[in-house]
Amino acid sequence: ERREIALVARKLLRIYNRKSPNWRTHCWLMIHELILRASERVAAFAQPETSGFNAGMNRIQKAVSLVRTSPVPPSLGDAAQACSLSVSRFSCLFHSAMGVSYGQFALRVRLTNAANDVRTGIYTLNEIAERHGFCDASSFCHAFRKVYRCTPNEFRARK
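Residues numbered from 1 in each chain as written. Predicted model: local features only at pLDDT ≥ 70, side-chain atom pairs only at ≥ 80, totals over all residues. Heavy atoms only, no water.

1. Focus: the packing of aromatic side chains
Here is step 1: The final tally for this structure, using the stated rule, is nine aromatic pairs.
Here is step 2: Between Phe140 and Phe144, the ring centres sit 5.6 Å apart and the planes meet at 55°, which makes this aromatic pair tilted. Taken together, the residues span about one helical turn, with Phe140 and Phe144 both in helix α8 (residues 137–148) at a distance of four residues. The same class applies to Phe140 and to Phe144, which are both buried.
Here is step 3: A ring pair is formed by Phe144 and Phe155, whose centres lie 5.3 Å apart and whose planes are at 80°; its orientation type is edge-to-face. (Phe/Tyr/Trp six-rings, centres within 6.5 Å; stacked < 30°, edge-to-face > 60°. Helix = DSSP H or I, 4+ residues; strand = E, 2+ residues; numbered from the N terminus. Buried < 20%, exposed > 50% of the residue type's maximum accessible area, 1.4 Å probe, protein only.)

2. A look at the confidence of the model for the protein
Here is step 1: Chain-level pLDDT for the protein is 82 on average; 88% of the residues reach the 70-or-more range.
Here is step 2: In the model, residues 47–51 has pLDDT below 50 throughout and makes one contact with residues more than four positions away in sequence or in other chains. (pLDDT = per-residue confidence, 0-100. Contact = heavy atoms within 4.5 Å.)

3. A look at helix α1 (residues 2–18)
Here is step 1: With 17 residues, α1 extends 24 Å from end C-alpha to end C-alpha; this agrees with the ideal 24 Å at 1.5 Å per step.
Here is step 2: For α1, the complete set of buried residues consists of Val8, Leu12 and Ile15. For α1, the angular spread of buried residues about the axis comes to 65°, placing them on one side. Exposed residues lying more than 90 degrees from the buried face of α1 are Arg2, Arg3, Leu13, Asn17 and Arg18.
Here is step 3: Positive phi shows up at Lys19, right after α1, with a value of about 50°. (Expected span 1.5 Å × (residues − 1). Arc of directions from axis to C-beta.)

4. Here's the deal with unusual backbone geometry
With the exception of glycine, most residues fall at negative phi, and the peptide bonds are largely trans.
Here is step 1: A positive phi angle, near 60°, is found at Ser84, a position not held by glycine.
Here is step 2: Phi angles above zero are rare outside glycine, and Arg149 is one such case at about 60°.
Here is step 3: Take Arg149: it is sitting in the loop between α8 and α9 (152–158).

5. A word on the environment of Leu107
Here is step 1: For Leu107, the position within the fold is in helix α6 (residues 102–120).
Here is step 2: Look at Leu107 and you get partly exposed, because its relative accessible area is 29%.
Here is step 3: Separated by 37 residues in sequence, Leu107 and Phe144 place their C-alpha atoms 9.7 Å apart.
Here is step 4: If we ignore the near neighbours within four places in the chain, the residues touching Leu107 are Phe134 and Ala143.

Next comes the structure, spelled out in structure tokens:
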């Protein structure tokens, strides 16, 4: 476990030192992945009701894995249903455990996956937008610009 954490810490340091166009988002996702791993480890040893944080992470873990594995993340209602929670309770637990709303988390994951597609240059912007659940290339570019502070074409050129 220590080796895994040390490896992730070295990756985070390399990403920070290089400061590639998406370094903040990439670091943010890696840190949240570490939090999820830690909560899984603690949950294996702890009683279910031991800590509010662990209980919250355990309850939302299914939704987080759905967001990470689905090409288009489930809606808030579907994610709450997957966790057997009401929408309002799920939103509250998710925000307290992850520090951001479900929508912001899902958008960042989608944009990170889309940024990888942009970087490869295999797909057009319309295909990338469609693959990652955006209405069209324009809405994808707008969301991309908000997070990465550059257009997808500028991002691709920075490789």
